[in-house]
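Topology and contacts: notes
Below are the chains, spelled out letter by letter.
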Amino acid sequence: MAVSGPAAPPRRSPAALDPTMTQPVQPKIYVAGHRGMVGSAIVRQLLAQGHAAQSIITRTHAELDLTDQAAVRAFLAAARPDQVYLAAAKVGGIHANATYPAEFIYDNLMVEANVVHESFRAGVRKLLFLGSSCIYPRLAAQPMSEDALLTGPLEPTNEPYAIAKIAGIKLCESYNRQYGASHGLDYRSVMPTNLYGPGDNYHPQNSHVVPALIRRFHEAKVSGAPSVTLWGTGTPLREFLHVDDMAAASVFVMNLPKAVYEQQTRPMQSHLNVGFGSDITIRALAQAIARVVGYTGAIGVDPSQPDGTPRKLMDSRRLNALGWQPAVTLEQGLAGAYADFVSQQGAAP
């Protein structure tokens, strides 16, 4: 059965001139998840690129529950943005994914389905969905290209989250295929590697590896602990991208001409990887974070704890070919992330 939806409203061109002004009218942009690490970085990027604050639409979770379809429908019907960045998601590290698998798949599926469908109903023609590198098979060939999607079993520790993110890609593709020609839809997807930076979650159990290690090494330095033990063997390889680079890539991809975007994508494989270009072992990452924090104790490992996927390096050549490159080095990014942690905690460095 076809998805119901109203006829598309007249096209609203960002380049159209306001008859009373000499400057182009800026597009109205809704950033879903603007309080999260990625969403807040996208808002910063938009402002840095000259978008007026009043052209950027945001809602807190208290103001709008994105798992509530009726609420999302009413909001988008009233706000009628020109562009939507779908950066809202339930996220967490290995412990959180293992503890809350039902919440990770349900919440993310509901958010994606509601925002994508109700954006379509509200006449939104441009949408960018932010996924995750965990969409690829656990043992995918390295570096992982976009072609690896759906070619093998996923990493068990975050499979529910990965399934939801794959569904988000396919939602965007399916709406493009069915309504692209008739309604002018252009819904795109980007798959970031592991992200870190300002606004990260430093929860002692539910955070990702970089913020978790920043917190642990800081607390060990303050308490004078002689050693810090890492989960797992320390040998898995991970790629890390600063969130400001991810935000810059997101805005870059959103604004690419459709014909240019289609040079590196296909209708049923329309996502683009966004990576740093190189990876590092968890042990080497821990050593780098210890240096930034100023912790001088020993660093051990606990092989009884899960390692997760052995390696996750993204092949970002398609995006690079379109003209985007990361700008923040790991050393610069970790120093900024530690400063952000200190600021959030109100602690002395």
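These remarks concern the structure in this document. What you see is a predicted model; the values in this text were computed from it and never measured. (Residues numbered from 1 in each chain as written. Predicted model: local features only at pLDDT ≥ 70, side-chain atom pairs only at ≥ 80, totals over all residues. Heavy atoms only, no water.)

Things to note about the overall build of the protein chain
Let me state the cut-off plainly: The helix and strand labels rest on DSSP assignments: H or I over at least four residues marks a helix, E over at least two residues marks a strand, and numbering proceeds from the N terminus. Note on classification: 1.4 Å probe, protein chains only; a residue is buried when its accessible area is under 20% of the maximum for its type, exposed when over 50%, partly exposed between these limits. In these tables, accessible area is a Shrake-Rupley quantity obtained with a 1.4 Å probe, and a residue counts as shielded only by the protein chains included in the view. By the counting rule applied here, Lys and Arg register as positive and Asp and Glu as negative, while His and the ends of each chain are not counted. Each charge is placed at NZ for Lys, CZ for Arg, CG for Asp and CD for Glu.
Within the protein chain, the secondary structure is distributed over 11 helices and 13 strands. Taken over 349 residues, the protein chain has a buried fraction of 49%. About 15300 Å² of surface is accessible on the protein chain, with carbon and sulfur atoms providing 56% of the total. Here the protein chain holds 29 positive side-chain charges and 27 negative ones, and the gap between their average locations is 4 Å.

Some thoughts on the pairing of strand β3 (residues 83-86)
Here is the key point about a regular strand: its side chains alternate between the two faces of the sheet. Rules: At least two DSSP bridges between two strands are needed for those strands to be called paired.
With burial as the criterion, each face of β3 is covered, one bearing Q83 and Y85 and the other bearing V84 and L86. Pairing analysis gives 4 bridges linking strand β1 (residues 29-32) to β3, with the strands arranged parallel. The partner of I29 across the bridge, within β3, is Q83. In terms of strand pairing, β3 meets strand β4 (residues 126-130) through 4 bridges, oriented parallel. Along β4, the bridge assignment pairs Y85 with L128.

Considering the sheet that holds strand β13 (residues 311-312)
Strands sit in the order β11-β8-β13 across an open sheet of 3 strands; the sheet is mixed. Looking at which strands have only one partner, the edges of the open sheet turn out to be β11 (280-281) and β13. Across 2 bridges, strand β8 (residues 237-238) lies against β11 in antiparallel orientation. Within β11, the position partnered with L237 by the bridge is T281.

Overview of the environment of S227
Counted only if it meets this: For this analysis, residues touch if any pair of their heavy atoms sits within 4.5 Å.
Note that S227 resides in strand β7 (residues 227-231). With 38 residues separating them along the chain, S227 and S189 place their C-alpha atoms 42 Å apart. In contact with S227, other than residues within four places in its own chain, are Y295 and A298.

Some words on the packing of helix α2 (residues 69-79) against helix α4 (residues 101-121)
To keep it simple, the criterion reads: Each axis is a line fitted through C-alpha atoms, and for a helix only the stretch in contact is used; angles between axes span 0 to 180 degrees, taken between their N-to-C directions. A crossing counts as left-handed when the near helix is turned anticlockwise from the far one by less than a right angle, and as right-handed when that turn is clockwise.
Remark: α2 packs on α4, axes separated minimally by 9 Å, with the N-to-C direction vectors making an angle of 35 degrees. The two elements α2 and α4 meet at a crossing, and its hand is right-handed. Along its contact with α2, which presents Q69, V72, R73 and L76, the element α4 presents N114, V115, H117, E118, S119 and R121.

Description of the environment of V301
As for its position among the elements, V301 is in strand β12 (residues 298-302). Taking the C-alpha atoms as reference points, V301 and D107, separated by 194 residues in sequence, lie 33 Å from one another. Those residues in contact with V301 that sit more than four places away from it in its chain are T229, L230, G232, T233, G234 and R283.

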